[in-house]
Amino acid sequence: MSITPILLCGGSGTRLWPLSRKSYPKQFADLLGEESLFQASARRLQGDGFAAPVILTANDFRFIVTEQLAAVEQAAQGILIEPEGRNTAPAIAAAALWLVAREPEAMMLVAPSDHAIPDPQAFRAAVAAALPRAEAGDIVTFGIAPTRPETGYGYLELASDAAPAADSPQPLARFVEKPDLARAAEMLAAGRYLWNAGIFLFSAQTMIDAFETHAPKMLAKVREAVTGAAQDLSFTRLAADPWDGVEDISIDYAIMEKATNLAVMPYKGAWSDLGGWDAVWMESEPDATGTVTSDHATAIDCTDTLLRSESPEVELVGIGLTDIVAVAMNDAVLVAHKSEAQRVKEAVSALKARGAAQATSLPIDHRPWGWFESLVTGDRFQVKRIHVNPGAALSLQSHHHRSEHWIVVQGTAKVTVDDDEVLVTENQSVYIPLGAVHRMENPGKVPMVLIEVQTGRYLGEDDIIRYDDVYARGPGAKG
């Protein structure tokens, strides 16, 4: 029987700000290579023994999911859109109900999509070793052999008769909350504790039965949301009204700490949840001085330091630094002591309180047809760079408050303005008057790039009236 990966990728990940933001969180970013963490997760759980994945995500990320899966030549068997994030318990319940209706005997491997597991083959072997126990009706959680007294992870305490280094599932005594440093050191020395990876293997029916026993009210609401779901292109939108009444709670609290049919599969390979810049530093293979630098970053006499520039336009230089994290982007810079990396969330909260757009939004805004970047904003004008993928098209739309001037700098644009249609090639331009019904398309096989100059009394992204859209978006900024 094949295993269906359930990839959870609806989170907004603020601990890796400024790279990870609500508009484009860490699972979709290229943190450790040319693939995103989401793409690496999907590739890790494919091949013999695995069915196509089921994805749980948020509305704003739905087209990012399909685009990134296509880039690694994968497709999901289902993409479920949560009306609002409600933590892992409701998401897993929805996936189980959706899947069991299609395959009553289905096996599910639930995994976050933002973890780093550098040895996919070893991890798949651990999954295969855990499968018989899950087929027998147990819920198998995966525990990571700890390598240090880590305070950022929850732990799993093994039963007294368990073997921490076994190659098969072991009895579990209890879940342990994130400890302080002294307690973490004690647990490491005891040798009976594993890090809680938040990865689970079970049959869909086993998990539904667990919800029936331990969280029946939640299950009833989630079942209403799944039963009332609406199809939107290739996406399944869970019904919003019942979902609003679902408790915001993790699967650990809702089910795992109450269930008696639990086992833990020890995993001895490398793993990280990349829960902060200190973890990214550790997973980025520091040099002999403990220093990690990206392109466009230079370290002079630095030790145990991460210097990372995310823009070719920003050269980041560190001199004489020790235990420092510095991350530079076009619109924001983070500098922190590595030991304080977990406090980045406090910085995001402070920026939100000040109304700073950098708290949640990146300069580049991803859309199903490509992306745009705001280059200059002033009183009654804005300049953008717009990148349209081959064969893609923006919606047929108009604006109440602004006119636009488009200059093509790469490729060819097919432009509709009211009843006129014209091809605009490199170094040519077209004017879109206020109120004109217009559309931009890329009919070519290479990306099309243009510079857009907006003028008007209001330039917000929500000033869009859509008349037709191939992506079935509604009114507003993203639909």
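Criteria and thresholds
- Residues numbered from 1 in each chain as written.
- Predicted model: local features only at pLDDT ≥ 70, side-chain atom pairs only at ≥ 80, totals over all residues.
- Heavy atoms only, no water.
- UniProt positions renumbered as here; feature names shortened; annotations may be inferred.
- Buried < 20%, exposed > 50% of the residue type's maximum accessible area, 1.4 Å probe, protein only.
- Helix = DSSP H or I, 4+ residues; strand = E, 2+ residues; numbered from the N terminus.
- Contact = heavy atoms within 4.5 Å.
- Patch = residues over 30% accessible without salt bridge, like charges linked within 9 Å, V, L, I, M, F, W, Y side chains within 5 Å.
- Areas by Shrake-Rupley, 256 points an atom, 1.4 Å probe, with all protein chains shown as cover.
- Salt bridge = Lys/Arg side-chain N within 4 Å of Asp/Glu carboxyl O.
- Polar contact = N/O pair within 3.5 Å; in protein donor to acceptor, adjacent residues only side chain to side chain.
- Pairing = 2+ DSSP bridges.
- 1 Å grid on protein atoms, 1.4 Å probe; cavity = no way out; pocket = protein on both sides within 12 Å on 5 of 7 lines; lining within 4 Å.
- Points joined across faces, edges and corners; volume = space filled by probe spheres on them.
- Core = buried A, V, L, I, M, F, W, Y, C linked by side-chain atoms within 4.5 Å.
- Axes fitted to C-alpha atoms, helices over the stretch in contact; angles between N-to-C directions.
- Parallel < 35°, antiparallel > 145°, perpendicular 65-115°, else oblique.
- Domains from an automatic or database assignment.
- Buried area = accessible area lost by both parts, 1.4 Å probe.

Per an unreviewed UniProt entry, the recorded name for the chain is mannose-1-phosphate guanylyltransferase, and the organism is Roseivivax halotolerans. Recorded under Sequence similarities (unreviewed entry), the UniProt text for the chain is reproduced unchanged: "Belongs to the mannose-6-phosphate isomerase type 2 family." The chain has a UniProt comment under Catalytic activity (unreviewed entry) that states "alpha-D-mannose 1-phosphate + GTP + H(+) = GDP-alpha-D-mannose + diphosphate".

A separate point is helix α6 (residues 204–214). Within α6, burial applies to Ala 204, Thr 206, Met 207, Ile 208, Ala 210 and Phe 211. At its buried positions, α6 is contacted by α3 (88–100), β4 (107–112), β5 (139–144), β8 (193–203), α7 (216–227) and α9 (251–256).

Moving on to a nonpolar patch on the surface. On the surface, Ile 300, Val 317 and Ile 319 cluster together into a nonpolar patch covering about 280 Å² of accessible area. Topologically, Ile 319 is positioned in strand β15 (residues 316–319).

Looking now at the UniProt feature "domain: Nucleotidyl transferase" (unreviewed entry) in the chain. Under the UniProt annotation, the feature "domain: Nucleotidyl transferase" (unreviewed entry) is placed at residues 5–285. Overall, residues 5–285 shows 35% helix and 21% strand. The separation of its end C-alpha atoms is 29 Å.

Next up on the list: the environment of Trp 195. Following the sequence through the fold, Trp 195 ends up in strand β8. Using a relative accessible area of 1% as the deciding quantity, one classes Trp 195 as buried. Separated by 40 residues in the primary sequence, Trp 195 and Tyr 155 have C-alpha atoms spaced 4.4 Å apart. A polar atom in the side chain of Trp 195 sits 3.2 Å from the side chain of Tyr 155.

Taken in spatial order, the four strands make up an open sheet running β12-β14-β16-β17, and their pairing is mixed. Two strands bound the open sheet, and with one partner strand each, they are β12 (292–293) and β17 (333–337). Where β12 lies against strand β14 (residues 306–309), two bridges are found, and the strand directions are parallel. Note that in β14 the partner of Thr 293 across the bridge is Leu 307.

This structure, assessed with the given rule, holds three cavities of 30 Å³ or more. Reported here for the largest cavity is a volume of approximately 210 Å³. Taken together, 20 residues make up the lining of the largest cavity; nearest its centre are Trp 369, Leu 394, Gln 397, Glu 461 and Ile 464. The set of elements that each furnish at least two residues to the lining of the largest cavity consists of β20 (381–388), β22 (402–410), β26 (438–441) and β27 (448–456).

Glancing now at the nonpolar core. In terms of nonpolar packing, the biggest core is built from 88 residues, with Leu 109, Phe 123, Phe 142, Ile 199, Leu 201 and Trp 277 touching the most fellow members. Among the elements that line this core, the one with the most residues is helix α4 (residues 120–135), at six residues. Ranked by size, the runner-up nonpolar core spans 50 residues in total, among them Leu 56, Phe 175, Phe 202 and Ala 254.

Running from N to C, α6 and α7 cross one another at 125°; their axes reach a closest spacing of 6 Å. It follows from the interaxial angle that α6 and α7 lie oblique. For the pair formed by α6 and α7, the contact residues are Ile 208, Phe 211, Glu 212, Thr 213 and His 214 on the first element and Pro 216, Met 218, Leu 219 and Arg 223 on the second.

Turning our attention to the UniProt feature "domain: MannoseP isomerase/GMP-like beta-helix" (unreviewed entry) in the chain. Within the UniProt annotation, "domain: MannoseP isomerase/GMP-like beta-helix" (unreviewed entry) is assigned to residues 299–351. Taken as a whole, residues 299–351 contains 15% helix and 38% strand, while its terminal C-alpha atoms sit 28 Å from one another.

For the rest of this paragraph, the subject is the domain arrangement of the chain. Domain annotation of the chain identifies domain 1 (3–267), domain 2 (284–353) and domain 3 (364–468). A separation of 30 Å is found between the C-alpha centroids of domain 1 and domain 2. Between domain 1 and domain 2, the contact holds nine residues from the first and 14 residues from the second. Summed over both sides, the interface between domain 1 and domain 2 buries roughly 1,100 Å², with carbon and sulfur atoms accounting for 65% of that surface. Interface area lost by domain 1 to domain 2 is led by Arg 15, Trp 17 and Pro 18, which between them contribute 52%. At the surface where domain 1 touches domain 2, the tally comes to one salt bridge. We note a salt bridge from Arg 21 to Asp 331, for which the minimum N-O separation is 2.8 Å. On inspection of domain 1 and its partner domain 2, the count reaches four residue pairs in polar contact (both at pLDDT 80 or more).

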